[in-house]
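Chain by chain, the residues run as shown.
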Amino acid sequence: MAQILHFSPGQVVRIFLEIKDGYGTRTDPTELPVVNQIILPGLTLAADYPEDMSLIYTGLYYFQFTLPSGATAVGSYLVDVSYIDPSNLAINSEIYQIIVSAPFGNFSASVGV
């Protein structure tokens, strides 16, 4: 199931992934989770992928990227992540949909950080 996140142009997108074993305990897989690709609003692929996610703590990972600014950033992005399930060593995937809209419908407005 996809996770849907909402952002404004120019913001930093930070996604998180939690990996658990068959007992529900956070655990690390044999390899780092990977962001395979980011699909941009025009259905093109972002450059420089795949890229590993970063470890925060056992079983908890993150990845971040900055959205472009202005009207061209508006639309829906798809972030495709894969990881090895430590319970059965199968490759699992997680999808994040990033919806970018102009703050208050206006590109000259800015959102506080």
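Scroll up for the structure.
In what follows, the accompanying structure is described. As the structure is a computational prediction, the values presented were derived from the model and not from experiment. (Residues numbered from 1 in each chain as written. Predicted model: local features only at pLDDT ≥ 70, side-chain atom pairs only at ≥ 80, totals over all residues. Heavy atoms only, no water.)

Points about the overall build of the protein chain
Basically, it comes down to this: Think of it this way: any DSSP run of H or I at least four residues long counts as a helix, any run of E at least two long counts as a strand, and we number them from the N terminus. Note on contacts: a residue pair is in contact if any heavy atoms of the two residues lie within 4.5 Å. Surface accessibility follows the Shrake-Rupley procedure with a 1.4 Å probe radius. Residue values consider only the protein chains on display as shielding.
Along the protein chain, the regular secondary structure elements total zero helices and eight strands. For the protein chain, the N- to C-terminal ordering of α and β elements is β-β-β-β-β-β-β-β. Based on the C-alpha atoms only, the size of the protein chain along its principal axes is roughly 50 × 30 × 25 Å. Of the contacts formed within the protein chain by residues at least 6 apart in sequence, a portion of 63% connects residues at least 24 apart. Surface accessibility of the protein chain: about 6800 Å² in total, with carbon and sulfur atoms responsible for 54%.

A word on the sheet that holds strand S2 (residues 12-18)
For clarity, the cut-off: In this analysis, strands are considered paired if DSSP registers two or more bridges between them. Note on geometry: axes are C-alpha line fits, over the in-contact stretch for helices, and angles between N-to-C directions span 0 to 180 degrees.
If you walk across this open sheet you meet the three strands as S2-S6-S5, and the pairing is antiparallel. Only two strands of the sheet have a single neighbouring strand rather than two, namely S2 and strand S5 (54-57). Across the sheet, the mean angle from the axis of one strand to that of its neighbour is 35 degrees, orientation sign disregarded.

Description of the sheet that holds strand S7 (residues 75-84)
The strand order across the open sheet built from five strands is S1-S8-S7-S3-S4, with neighbouring strands paired in mixed fashion. Two strands lie at the open edges of the sheet, namely strand S1 (3-7) and strand S4 (51-52), each paired on one side alone. By the bridge criterion, ten bridges tie S7 to strand S8 (residues 91-100) in an arrangement that is antiparallel. Bridge assignment links aspartate 80 to a residue of S8, and that residue is isoleucine 95.

Details of the packing of aromatic side chains
Note the following rule: Paired rings are identified among Phe, Tyr and Trp, the last through its six-membered ring, by centres lying within 6.5 Å, and are further divided according to the angle between planes into stacked (under 30 degrees), edge-to-face (over 60) and tilted (the rest). Between buried and exposed lies partly exposed: a residue is buried under 20% and exposed over 50% of the maximum accessible area for its type, with that area taken using a 1.4 Å probe on protein chains only.
Within this structure, the stated rule accounts for two aromatic pairs. Both rings, one in tyrosine 49 and one in phenylalanine 63, keep their centres 6.0 Å apart while their planes meet at 70 degrees; by these two values the pair is edge-to-face. Separated by 14 residues along the polypeptide, tyrosine 49 in the loop between strand S3 (34-39) and S4 and phenylalanine 63 in strand S6 (residues 60-66) bring together distant segments of the chain. Among the residues examined, tyrosine 49 registers a relative accessible area of 23% and is labelled partly exposed. Centre to centre, the rings of phenylalanine 63 and phenylalanine 65 are 6.3 Å apart; their planes meet at 40 degrees, and the pair counts as tilted. Of the residues examined, phenylalanine 63 reaches a relative accessible area of 5% and is grouped as buried.

Considering a nonpolar patch on the surface
Our working rule: Two joining distances apply to patches: 9 Å for like charges and 5 Å for nonpolar side chains (Val, Leu, Ile, Met, Phe, Trp, Tyr), and every residue must have over 30% relative accessible area and no salt bridge. What counts as a salt bridge is simple: a side-chain nitrogen of Lys or Arg found within 4 Å of a carboxyl oxygen of Asp or Glu.
The grouping of Phe16, Ile56 and Tyr57 at the surface amounts to a nonpolar patch, some 330 Å² of accessible area in total. Along the chain, tyrosine 57 falls in strand S5. The class of tyrosine 57 is exposed, set by a relative accessible area of 56%.

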